[in-house]
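Next come the chains, spelled out residue by residue.
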Amino acid sequence: MSTAIGRRRYLTNFQQQRLPHLFTDVLVLGSGAAGLQAALHACQASDVLVVTKDHLDQSATAYAQGGIAAATDPADSPAKHAADTLAVACGLGHEDVIRQVVGEAPEIVARLQQAGARFDQRGTALETGREGGHSLPRIVHARDTTGREILRALVEQTRAQPRIRIFEQCFAIDLLTHDGQVVGAVTYHPKYGHQIFWATTTILATGGCGRVYRETTNPPIATGDGLGMAFRAGATLRDMEMIQFHPTTLYVAGAARELISEAVRGDGAYLVDRSGRRFMAAYDERTELASRDVVSRAIAAEMKRQNAPCVYLDVRHFPPGRFATRFPNLDRLCRDFDIQPERDLIPVRPSAHYCVGGVVVDEQGQTGLAGLLACGEVASSGLHGANRLASNSLLEGLVYGRRTGLRAAARTASNNRIDRPLPVSHLLPHSSRTELDLADVLNSLTSLMSRNVAVERSGDRLRETLEIIDFWSRYVMDKVFDDPQAWETQNMLTVALAIATGAATRCESRGVHYRTDFPDPADSWRCHIDLVRADDAVQVSTSPVPSPAPIR
Ligand code: FAD
Ligand code: SIN
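Remember, it's a predicted structure, so these values are computed and weren't measured experimentally.

Rules used in this analysis
- Residues numbered from 1 in each chain as written.
- Chains lettered and ligands numbered in written order.
- Predicted model: local features only at pLDDT ≥ 70, side-chain atom pairs only at ≥ 80, totals over all residues.
- Heavy atoms only, no water.
- Near = heavy atom within 4 Å.
- Polar contact = N/O pair within 3.5 Å; in protein donor to acceptor, adjacent residues only side chain to side chain.
- Areas by Shrake-Rupley, 256 points an atom, 1.4 Å probe, with all protein chains shown as cover.
- Nonpolar A, V, L, I, M, F, W, Y, C, P; charged D, E, K, R; others polar.
- Pairing = 2+ DSSP bridges.
- Helix = DSSP H or I, 4+ residues; strand = E, 2+ residues; numbered from the N terminus.
- Contact = heavy atoms within 4.5 Å.
- Axes fitted to C-alpha atoms, helices over the stretch in contact; angles between N-to-C directions.
- pLDDT = per-residue confidence, 0-100.

Draft legend 1. Local environment of the site of ligand 2. Within the structure, ligand 2 sits among Gln-65, Gly-66, His-246, Leu-259, Ser-261, Glu-262, Arg-292, His-353, Arg-388, Ala-390 and Ser-391. At 2.8 Å from an oxygen atom of ligand 2 is found a main-chain nitrogen or oxygen belonging to Gly-66. A distance of 2.6 Å separates an oxygen atom of ligand 2 from a polar backbone atom of Ser-391. Look at ligand 2: alone it shows 260 Å² of surface, and the protein chains cover 92% of it. Split into classes, the residues belonging to the shell around ligand 2 amount to two nonpolar, six polar and three charged.

Next comes the structure, spelled out in structure tokens:
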């Protein structure tokens with residue numbers, strides 16, 4: 001397995017004695033829902049530094065549309081929410097984790113409201129919408145920009161906390177380890193250059209990796225840096241083959257692959273082919289509201305069968321004005337491309353959306369590395385198993401953000417703060433090989449992943465993918481670059497290797513992972529696939545899905 005990637009411990013060269021240093025109790029990497037929630041809880045008993053590579057409003061959280069899943073309706077219950085989550089997880093979900101997380105959901109929503117988040121109401125109650133895989137309407141939302149509203153409330157709270165300092169446009173390159181512990185991170189800022197942030201506890205909240213694919217709903221920040229950093233530091237990545245494809249992203253030449261929220265189907269939209277024929281009933285009795293993996297595969301099958309580049313969302317039967325009122329942002333987006341939703345079909349196709357796997361964490365968000373916690377999309381907590389139920393991601397980030405924040409605060413109380421630089425450094429000799437066109441490497445990589453490791457996979461294609469990644473890695477990973485785009489490319493190569501390795505290893509179909517050569521689930525594969533960097537190589541192993549504790 002790719003030794004070039006396995007060999008690399010740090011992406012940058014640094015000598016601790018030559019760099020500026022900052023010291024803190026808790027270092028949070030990332031400022032989405034998970035990172036800010038963690039910071040807000042850690043600051044109750046710690047000094048916190050939040051490092052984020054773009055501006056505060058740039059994260060997947062900011063783009064979240066549909067909402068946050070929570071059993072807030074009297075007809076609903078956390079038990080029903082748990083049952084839906086477990087069913088969609090296809091045998092890899094951790095039942096205890098699922099029960100705990102969905103059990104906390106109503107309180108998480110109430111706390112967001114106390115913090116100033118304004119969700120849509122029906123009278124005095126919260127208005128809840130439907131999404132695929134949910135047996136009841138339970139999606140709490142703020143029109144079609146729920147993430148932005150949640151982030152607004154979290155940012156306001158964060159800015160009011162004197163013990164939190166935020167460093168924007170500061171790129172975390174690598175986690176620092178000393179004596180087997182994570183002790184902070186080495187970062188880069190365009191104005192201040194390389195810096196070292198020393199911390200008693202580091203919380204990884206860097207989000208997902210959709211940008212590894214050519215077509216993705218994810219914003220440009222989603223390059224899997226945290227997954228790469230954690231892997232290089234020795235943490236375990238789990239079930240990386242489980243990449244969720246969202247069924248409906250806008251397919252118009254020249255447009256970004258903007259998400260058309262599942263809530264649109266929850267509100268009654270049909271999926272049709274170019275002749276206007278609804279096709280989902282042929283694939284699943286839940287039709288348009290089947291779980292995402294089912295709908296994405298059905299769309300891919302229809303596109304192949306009809307040799308068509310897309311299918312369509314049909315909202316022409318909505319009551320007049322309904323689409324524009326409920327989905328004002330999407331209405332504007334369609335009109336920008338001269339699509340009048342009340343008159344025209346909306347062209348859509350699946351795109352990479354969510355990293356279901358991630359850095360393995362326990363119920364407090366503790367990774368396998370002392371001093372390192374992780375929360376949100378970067379982490380694998382056991383909540384999603386082999387597939388994520390719609391709108392469970394913001395929930396996971398907020399629940400685990402709180403847990404990691406509290407855990408970090410407890411660590412502050414019981415550990416001495418690092419108050420002087422520790423002896424760490426990294427000096428890789430200059431590579432004499434040729435200059436690289438990194439943009440070309442990136443284009444080739446994202447095309448390769450979209451072609452070979454997307455909704456459908458096969459053994460032949462996966463082997464070819466691994467060979468190609470290995471080949472590119474030999475001359476991309478031997479270099480020490482000096483700019484964020486290059487580090488992102490190296491991280492994306494690492495993450496692509498992890499995804500393809502998991503997909504090649506898992507010889508079955510389960511959840512979001514579909515192998516044409518192994519189209520059914522296999523009992524022998526009801527286990528996690530774990531990847532770790534050891535002995536300069538990528539080691540693959542399996543681990544069991546924990547049994548739930550008996551309910552007393
Ligand atoms: P993010 O919100 O992605 O934040 C990651 C942060 O890490 C960013 O601040 C980023 O700048 C920072 N970062 C990354 N790398 C570095 C680095 N090297 N150095 C420093 N900082 C770094 N989920 C739902 O539950 N409901 C929805 O309705 C929903 N809709 C979605 C719609 C879209 C278009 C997308 C893309 C996702 C949607 N999701 C939804 C998924 C959900 O938004 C994300 O999974 C969730 O917001 C992730 O939160 P996070 O805090 O873990 O990561
Ligand atoms: C959507 O609005 O369709 C996205 C919801 C999610 O990813 O959970």
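Draft legend 2. Up close: the sheet that holds strand β18 (residues 358-360). What the five strands build is an open sheet, ordered β20-β18-β13-β22-β23; its pairing is mixed. The open sheet terminates on both sides in strands that have one partner only, identified here as β20 (379-380) and β23 (537-544). Pairing analysis gives eight bridges linking strand β22 (residues 527-534) to β23, with the strands arranged antiparallel. Bridging across to β23, Leu-531 finds its partner in Val-540. Against the sheet, helix α7 (residues 225-233) touches β13 (237-238), β18, β22 and β23, its axis set at about 65 degrees to β22. Along the sheet, helix α15 (residues 484-505) contacts β13, β22 and β23; its crossing angle with β22, the most-contacted strand, is approximately 135 degrees.

Draft legend 3. Broad picture of the site of ligand 1. Neighbouring ligand 1 are 38 residues, the closest being Thr-61, Gly-67, Glu-377, Ser-393 and Leu-394. In the model, an oxygen atom of ligand 1 is placed 2.6 Å from a nitrogen or oxygen of the Glu-377 side chain. In the environment of ligand 1, an oxygen atom lies 2.8 Å from a nitrogen or oxygen atom belonging to the backbone of Leu-394. Within the complex, the protein chains bury 98% of what would otherwise be the 1000 Å² of accessible surface of ligand 1. Listing elements by their share of the shell around ligand 1, those giving two or more residues are α2 (33-42), α3 (60-63), β10 (171-178), α7, β17 (346-355) and α12 (393-414). For the shell around ligand 1, the leading source of residues is α3, giving three residues. A breakdown of the residues in the shell around ligand 1 according to their chemical character gives 15 nonpolar, 19 polar and four charged.

Draft legend 4. Inspection of the confidence of the model for the chain at higher detail. For the chain, the average pLDDT comes to 96, and 99% of its residues sit at 70 or higher. No element of the chain has a lower mean pLDDT than strand β21 (residues 425-426), which averages 90, and none a higher one than strand β19 (residues 372-374), which averages 99.

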